[in-house]
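One letter stands for each residue in the lines below.
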Amino acid sequence: MLKLVRVRLNQFFETWKSEGFSSVRKKAFFFNKTVIPAVKDLSRLAAVKVSDKTSDVAFVEILDEHFAEKDFKFPTKSRAMRVGKNLKKGYRGFAVVRGDEVLGDMWYCTGGGPDAMRRHPDLEWFAWFGVTLGDKDVCMFEMYVKPQERGGGLVNLLHGNALKALKDKGFERVYGYCTIDNLPALWVHRIMGYKELGRLKMHRLGSVTRRSLKGDRRRVLYRFLDLS
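Conventions we followed
Residues numbered from 1 in each chain as written. Predicted model: local features only at pLDDT ≥ 70, side-chain atom pairs only at ≥ 80, totals over all residues. Heavy atoms only, no water. Helix = DSSP H or I, 4+ residues; strand = E, 2+ residues; numbered from the N terminus. Buried < 20%, exposed > 50% of the residue type's maximum accessible area, 1.4 Å probe, protein only. Contact = heavy atoms within 4.5 Å. Areas by Shrake-Rupley, 256 points an atom, 1.4 Å probe, with all protein chains shown as cover. Core = buried A, V, L, I, M, F, W, Y, C linked by side-chain atoms within 4.5 Å. Pairing = 2+ DSSP bridges. Right-handed = clockwise from strand over helix to strand, strands pointing away. Polar contact = N/O pair within 3.5 Å; in protein donor to acceptor, adjacent residues only side chain to side chain. 1 Å grid on protein atoms, 1.4 Å probe; cavity = no way out; pocket = protein on both sides within 12 Å on 5 of 7 lines; lining within 4 Å. Points joined across faces, edges and corners; volume = space filled by probe spheres on them. Nonpolar A, V, L, I, M, F, W, Y, C, P; charged D, E, K, R; others polar. Expected span 1.5 Å × (residues − 1).

Looking at the overall build of the protein
And then number 1: For the protein, the helix and strand inventory stands at seven helices and 10 strands.
And then number 2: The proportion of buried residues among the 228 residues of the protein is 46%.
And then number 3: Intrachain contacts of the protein at a sequence separation of at least 6 include 72% that bridge at least 24 residues.
And then number 4: Surface accessibility of the protein: about 12,200 Å² in total, with carbon and sulfur atoms responsible for 54%.

What follows is the structure, given as structure tokens:
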């Protein structure tokens, strides 16, 4: 719990320093923000396009031993702490790197089978739509790309290769979500062929987040603040 608080505090001050207090306020306090859960069928995947801006970027899988072998540099201290925290929980992920610099990462968890990882809180509200992850399903979460690297095809490279890697592992469906005001994430989901499951309303006041199924305020989930 103490480590999580340190991650949150680092996120707060890093966001304040790089984006200003207005950005922190918008991420920390809002009401009725629409969240769109979605699912991607992995039976059909388009080829991942590599632009000139990403030709020197490598796609790697994040494994405990892999990241212990090489001293990678992360965009922020809180991002390095987050990666360590996710690995400790048993989550697995993917990253795009240039040399020894991590430019972006995203994570996934499973919901069933003998190798099921620690349950992620997001799985609880996917269940509101009748979704229970099986052996062939994964939930992707927490995609982060270094702010200076956004808009140059890096998100497509990371997300597209992650989907291909999961298909190669034998998974058939990927679940994820984005907020309706996050236009880049919404665009990526639609380009990648995700199918929307419905809509959720999210409310955040400081360190607590509440998500409720649209039209049903009785079903809520509380989460700690995450500025990523």
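So that's the structure; there's more coming.
A look at the nonpolar core
Generally speaking, nonpolar side chains in soluble globular proteins are found buried as a group.
And then number 1: Grouped together as the largest cluster of nonpolar side chains are 23 residues, with contacts concentrated most on M140, L166 and V174.
And then number 2: When contributions to this core are tallied by element, the ones reaching two or more residues are β3 (92-98), β4 (101-110), β5 (137-145) and α6 (154-168).
And then number 3: With seven residues, the top contributor of residues to this core is α6.
And then number 4: Those residues in contact with M140 that lie beyond four places of it in its chain are M106, W107, Y108, A162, L163, L166, V174, Y175, G176 and Y194.
And then number 5: Core analysis: the second largest hydrophobic core is formed by 19 residues, V60, F72, A95 and C139 among them.

Considering the pairing of strand β6 (residues 173-179)
Residues in a regular strand point their side chains to alternate faces of the sheet.
And then number 1: Taken across its seven residues, β6 has five buried, putting it largely inside the fold.
And then number 2: Relative to β6, β5 is paired through three bridges, and the arrangement is parallel. Bridging from a neighbouring strand, D137 pairs with R173 of β6.
And then number 3: Crossover handedness for the path β5 to α6 to β6: right-handed.

Some thoughts on the side chain of E142
And then number 1: On the secondary structure map, E142 appears in strand β5.
And then number 2: E142 gets classed as buried once you look at its relative accessible area, which sits at 16%.
And then number 3: Polar contacts involving the side chain of E142 include one to the side chain of R82, which spans 3.1 Å.
And then number 4: A distance of 3.3 Å separates the side chain of E142 from the side chain of N86, its partner in a polar contact.

Focus: the pairing of β4
And then number 1: Within β4, nine of the 10 residues are buried, which leaves the element mostly enclosed by the surrounding structure.
And then number 2: Bridging between β3 and β4 involves seven bridges; their strand directions are antiparallel. Counterpart to G93 in the pairing with β4 is W107.
And then number 3: Between β3 and β4, which pair antiparallel one after the other, the connecting turn spans two residues, and G99 there sits at a positive phi close to 70 degrees.
And then number 4: Sheet topology places β4 next to β5; six bridges connect them, and they run antiparallel. Note that in β5 the partner of T110 across the bridge is V138.

Considerations on the layout of surface pockets
And then number 1: Here the second largest pocket defines a volume of roughly 310 Å³.
And then number 2: Along the walls of the second largest pocket sit 15 residues, with A46, A47, V48, I191 and M192 positioned nearest its centre.
And then number 3: Among the residues forming the lining of the second largest pocket, the class breakdown is eight nonpolar, four polar and three charged.

Quick notes on α6
And then number 1: With 15 residues, α6 extends 21 Å between its outermost C-alpha atoms, agreeing within 8% with the 21 Å of an ideal straight helix rising 1.5 Å per residue.
And then number 2: Where α6 is concerned, the buried positions are L154, L157, L158, H159, G160, N161, A162, L163, A165 and L166.
And then number 3: Immediately downstream of α6, the backbone of G170 shows phi near 100 degrees, a positive value.

Fair warning: the whole summary comes from geometry, so function is off the table for now.
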